[in-house]
Amino acid sequence: GFFYGSKMFHYQNYFFNGTTINGVDCSDMTAKEAETKIKEQAANYTLNVKFKDNDTKSVSGKDIDYTYAGDGSVESVLKKQNSFLWFLGNGGKEKDSQVTMQYSQEKLDAVIDGFDEFQSNEFEIVDAVMGEGMDLTLAKQCIENALINADTEVDLEKAGVYDGTLVTADDETLNAQKDQLNELVRASITYSMPDGTTQVLDGN
């Protein structure tokens, strides 16, 4: 009884063996120790983004201020652990939990917009190829979801961001949209600010 009680008390403050959080092994750690290890992993974090044809780009955590902010979610994972059942542990299986990671949205946008697949100086129409069209909004969302969950890789093709196409390069509506969008891209508007400075809104 004493042995059972001491173990029960121990696992009120320590994770069961086989517990991982965001892929980090937190076996027999306190919440504070687990947070420290998660933060250390975040410092060296890299997300590999796979496009079609095995083209891969990387998002480095250092470039987007990637970190675990210590919002109490690790402690919450520990509290959900039933210390009365310490002798069962995780049933001999690894138990993986997720906590939310944080990053600079502005810096992430800058990194993603620098990818060749997302970048162009002007709108143009290219020959249609089945399965090559990409939903950029969905692609960016997939990347952000992977960052939040601390995934190390996201496959955009498997995520379904590529579609077939029924519109060809000689489509009149498509060409009209291209011309209209390029007019907007070439526009440059200078705003006079209340403090006497100016701000330019252009195609960039």
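Reference entry: report on the structure contained in this document. Everything quoted here is computed from the prediction, not taken from an experiment.

What to know about unusual backbone geometry
Phase 1: Notably, Asp65 is not glycine yet its phi reads approximately 55°, a positive angle.
Phase 2: Mapped onto the fold, Asp65 is located in the loop between strand S4 (56-60) and helix H3 (73-79).
Phase 3: Under the relative-accessibility criterion, Asp65 is labelled partly exposed at 40%.

Observations regarding the nonpolar core
Phase 1: Among the nonpolar cores identified, the biggest contains 37 residues, and Leu47, Tyr66, Val74, Ile143, Leu147 and Leu156 are the most heavily contacted of them.
Phase 2: Listed by contribution, the elements that provide at least two residues to this core are helix H2 (31-43), strand S3 (46-50), H3, helix H4 (105-113) and helix H5 (136-148).
Phase 3: Per-element accounting of this core gives the leading share, five residues, to H5.
Phase 4: Dropping the residues within four chain positions of it, Val74 is found in contact with Phe15, Ile21, Ala31, Ala34, Glu35, Ile38, Tyr68 and Val99.

Looking at the packing of H4 against H5
Geometrically, a packed helix pair is captured by the angle between its two axes and the distance between the axes.
Phase 1: Look at H4 against H5: their axes get within 12 Å of each other, and the N-to-C directions meet at 130°. Between H4 and H5, the angle falls in the class oblique. For H4 against H5, the interelement crossing comes out right-handed. Where H4 abuts H5, its residues Gln105, Leu108, Ile112 and Asp113 lie against Lys140, Ile143, Glu144 and Leu147.
Phase 2: Considering only residue class, the contact of H4 with H5 consists of four nonpolar, one polar and three charged.

Quick notes on the packing of aromatic side chains
Phase 1: Scanning the entire structure with this criterion turns up three aromatic pairs.
Phase 2: Look at Tyr45 and Tyr66: their rings are 4.2 Å apart centre to centre, the planes differ by 15°, and that puts the pair in the stacked class. Of this pair, Tyr45 sits in the loop between H2 and S3 while Tyr66 sits in the loop between S4 and H3, placing them 21 residues apart in sequence. For the pair shown, Tyr45 and Tyr66 are each scored as buried.
Phase 3: Aromatic side chains Phe51 and Phe115 sit 6.1 Å apart centroid to centroid with 90° between the ring planes, which places their arrangement in the edge-to-face category. Placement of the pair is Phe51 in the loop between S3 and S4 and Phe115 in the loop between H4 and strand S6 (133-134), with a sequence separation of 64 residues. Like Phe51, the residue Phe115 is buried in the burial classification.

Examining the environment of Met193
Phase 1: Structurally, Met193 is set in the loop between strand S9 (189-192) and strand S10 (198-201).
Phase 2: Apart from residues no more than four positions distant in its own chain, Met193 is found in contact with Thr198 and Gln199.

Quick look at the pairing of S9
Consecutive side chains along a regular strand alternate between the two faces of the sheet.
Phase 1: Note that S9 and S10 share four bridges and pair antiparallel. By the bridge assignment, Thr190 is partnered in S10 with Val200.
Phase 2: Where S9 folds back onto S10 in an antiparallel hairpin, the turn is made up of five residues, including Gly196, whose phi is positive at roughly 95°.

Let's talk about the environment of Gly5
Phase 1: Residue position: Gly5 is located in helix H1 (residues 2-10).
Phase 2: Through-space distance from the C-alpha of Gly5 to that of Phe84 is 8.6 Å; in sequence the pair is 79 residues apart.

Details of the pattern of salt bridges
Two side chains bearing opposite charge may form a pair once their charged atoms approach each other closely.
Phase 1: Counted by the stated rule, this structure contains six salt bridges.
Phase 2: Lys57 serves as the salt-bridge partner of Glu117, at 3.2 Å between the closest nitrogen and oxygen. Of this pair, Glu117 sits in the loop between H4 and S6 while Lys57 sits in strand S4; the two residues are 60 residues apart in sequence, bridging distant segments of the chain.
Phase 3: With a closest N to O distance of 3.0 Å, Lys140 and Asp113 form a salt bridge. In this pair, Lys140 is assigned in helix H5 and Asp113 in helix H4, connecting sequence segments 27 residues apart.
Phase 4: Residue classification places Lys140 among the partly exposed residues on the basis of a relative accessible area of 26%.
Phase 5: For Asp113, a relative accessible area of 35% puts it in the partly exposed group.
Phase 6: Taken together, the shared-partner salt bridges connect Asp55, Lys57 and Glu117 into one network.

So, how was this worked out
- Counting from 1, residues in each chain are numbered in the order their sequence is written.
- In keeping with the predicted nature of the model, local features appear solely for residues at pLDDT of at least 70, side-chain atom pairs appear and are counted solely at 80 or more, and the whole-chain, interface and lining totals rest on all residues.
- Just so you know, side-chain values use all the structure's heavy atoms and leave hydrogens and water out.
- Labels follow the DSSP assignment, with helices taken as runs of H or I lasting at least four residues and strands as runs of E lasting at least two, numbered in each case from the N terminus.
- Relative accessibility thresholds used throughout: buried, under 20% of the residue-type maximum; exposed, over 50%; partly exposed, between the two (1.4 Å probe, protein chains only).
- Residues enter a nonpolar core if they are buried and are Ala, Val, Leu, Ile, Met, Phe, Trp, Tyr or Cys, with the set joined through side-chain atoms within 4.5 Å.
- Contact criterion: two residues are considered in contact whenever any of their non-hydrogen atoms come within 4.5 Å of each other.
- Angular values range over 0 to 180 degrees, each being the angle between N-to-C directions of two axes fitted as lines to C-alpha atoms, with helices fitted over their stretch in contact.
- An angle counts as roughly parallel when it lies under 35 degrees, as roughly antiparallel when it exceeds 145, as roughly perpendicular when it falls between 65 and 115, and as oblique in every other case.
- Should the near helix be turned counterclockwise from the far one by less than a right angle, the crossing is left-handed, whereas a clockwise turn marks it as right-handed.
- Only Asp, Glu, Lys and Arg are considered charged, only Ala, Val, Leu, Ile, Met, Phe, Trp, Tyr, Cys and Pro nonpolar, and every remaining residue, Gly among them, polar.
- Between the rings of Phe, Tyr and Trp (Trp by its six-membered ring), a pair exists once the centres lie within 6.5 Å; its type follows the angle of the planes, with under 30 degrees stacked, over 60 edge-to-face, and the other angles tilted.
- DSSP-based pairing: two strands are paired if at least 2 bridges between them are found.
- We define a salt bridge as a contact between a side-chain nitrogen of Lys or Arg and a carboxyl oxygen of Asp or Glu at a distance within 4 Å.

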